[in-house]
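An overview of the molecular structure
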Amino acid sequence: MLSGRRLDLIDPTPLDVEIEDVAHGLARVARWNGQTRGPEIFSVAQHSLLVEAIFSALDPAASREARLAALLHDAPEYVIGDMISPFKAAIGGEYKAVERRLLAAIFLRYGLKATMAPDLAKAIKAADRDAAFYEATELAGFATGEARKFFGQPRVAREAFAPYLAPWRPDHAQARFLARFGELDA
């Protein structure tokens, strides 16, 4: 990693993780395999901020820890990249196992439980689907009906999250991710 840390992908430990490495990597990983409109990629860092904003809007009473888990839900992608869901499903178990171990190490590093409670995981996944709907229709060329088929009807109004749907430069996405992390990790 740029921090000088060495990360064992097979057996990661919380001590292997630095938030600056996470933010740097996520700001440079493209969602939708880079197949989005705009002069910049739509990064996983920006997606993570969008998911946390939707999650927080849907549950204004959510704890700081729950919001942090929402922000970090895709954090393993800072080293393993973002693969589209059908490909993840095709790869199956080993990929998911590596992803789970990385997420557990990241969560432990920042004071969260290694695995999310099922109700929290479900709520974050729902916010993730809402984010994916808007990303699909605003950035990735999906028709509304097609996006509804894959992601369901979003429960939040697009207008509230429009600022998150214009792709940012990587350095801006990285800075915004780190700033929000700092607020939640305080």
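So, a few notes on the structure that sits alongside this text. (Residues numbered from 1 in each chain as written. Predicted model: local features only at pLDDT ≥ 70, side-chain atom pairs only at ≥ 80, totals over all residues. Heavy atoms only, no water.)

**Some points on the overall build of the protein**
From N to C terminus, the protein includes 9 helices and 0 strands. Here the C-alpha atoms of the protein give a radius of gyration of 16 Å, agreeing with the 16 Å that 2.2 N^0.38 yields for 186 residues. Taken over the C-alpha atoms alone, the protein extends approximately 45 × 35 × 35 Å along its principal axes. For the protein, buried positions account for 48% of its 186 residues. When the accessible surface of the protein is split by element, carbon and sulfur atoms take 56% of a total near 9,100 Å². (Helix = DSSP H or I, 4+ residues; strand = E, 2+ residues; numbered from the N terminus. Rg over C-alpha atoms; globule rule 2.2 N^0.38 Å. Buried < 20%, exposed > 50% of the residue type's maximum accessible area, 1.4 Å probe, protein only. Areas by Shrake-Rupley, 256 points an atom, 1.4 Å probe, with all protein chains shown as cover.)

**Regarding unusual backbone geometry**
Notably, Trp32 is not glycine yet its phi reads approximately 60 degrees, a positive angle. Mapped onto the elements of the fold, Trp32 is located in the loop between helix H1 (19–26) and helix H2 (44–58). Backbone geometry places Asn33, a non-glycine residue, at a positive phi of 55 degrees. Tracing the backbone through its elements, the reader meets Asn33 in the loop between H1 and H2. The partly exposed category is assigned to Asn33, whose relative accessible area is 47%.

**A closer look at the nonpolar core**
Formed by 56 residues in total, the largest nonpolar core has its most connected members in Val22, Leu50, Phe55, Leu72, Tyr110 and Phe177. Contributing elements (two or more residues each) for this core: H1, H2, helix H3 (64–71), helix H4 (77–80), helix H6 (93–109), helix H7 (118–138), helix H8 (144–151) and helix H9 (170–185). Excluding residues that lie within four positions of it along the chain, Tyr110 makes contacts with Val17, Glu18, Ile19, Leu68, Leu72, Phe181 and Asp185. (Core = buried A, V, L, I, M, F, W, Y, C linked by side-chain atoms within 4.5 Å. Contact = heavy atoms within 4.5 Å.)

**Points about the packing of aromatic side chains**
What the rule picks out here adds up to 8 aromatic pairs. On the basis of an interplanar angle of 90 degrees and a centroid distance of 6.1 Å, the ring pair of Trp32 and Phe151 is categorised as edge-to-face. Of this pair, Trp32 sits in the loop between H1 and H2 while Phe151 sits in helix H8; the two residues are 119 residues apart in sequence, bridging distant segments of the chain. Using a relative accessible area of 17% as the deciding quantity, one classes Trp32 as buried. By relative accessible area, which is 19% here, Phe151 ends up buried. For the ring pair Phe133 and Tyr134, a centre distance of 5.3 Å and an interplane angle of 85 degrees mean the geometry is edge-to-face. Residue Phe133 shares its accessibility class with Tyr134, and that shared class is buried. Taken together through their ring pairs, the aromatic side chains of Trp32, Phe142, Phe150 and Phe151 make up a single cluster. (Phe/Tyr/Trp six-rings, centres within 6.5 Å; stacked < 30°, edge-to-face > 60°.)

**Looking at the side chain of Ser56**
For Ser56, the location among the structural elements is in helix H2. Taking relative accessible area as the criterion, Ser56 reaches 10% and is therefore assigned buried. A polar side-chain atom of Ser56 sits 2.8 Å from a polar atom in the side chain of Glu52. Once residues within four sequence positions are removed from consideration, Ser56 is found in contact with Arg67 and Arg180. (Polar contact = N/O pair within 3.5 Å; in protein donor to acceptor, adjacent residues only side chain to side chain.)

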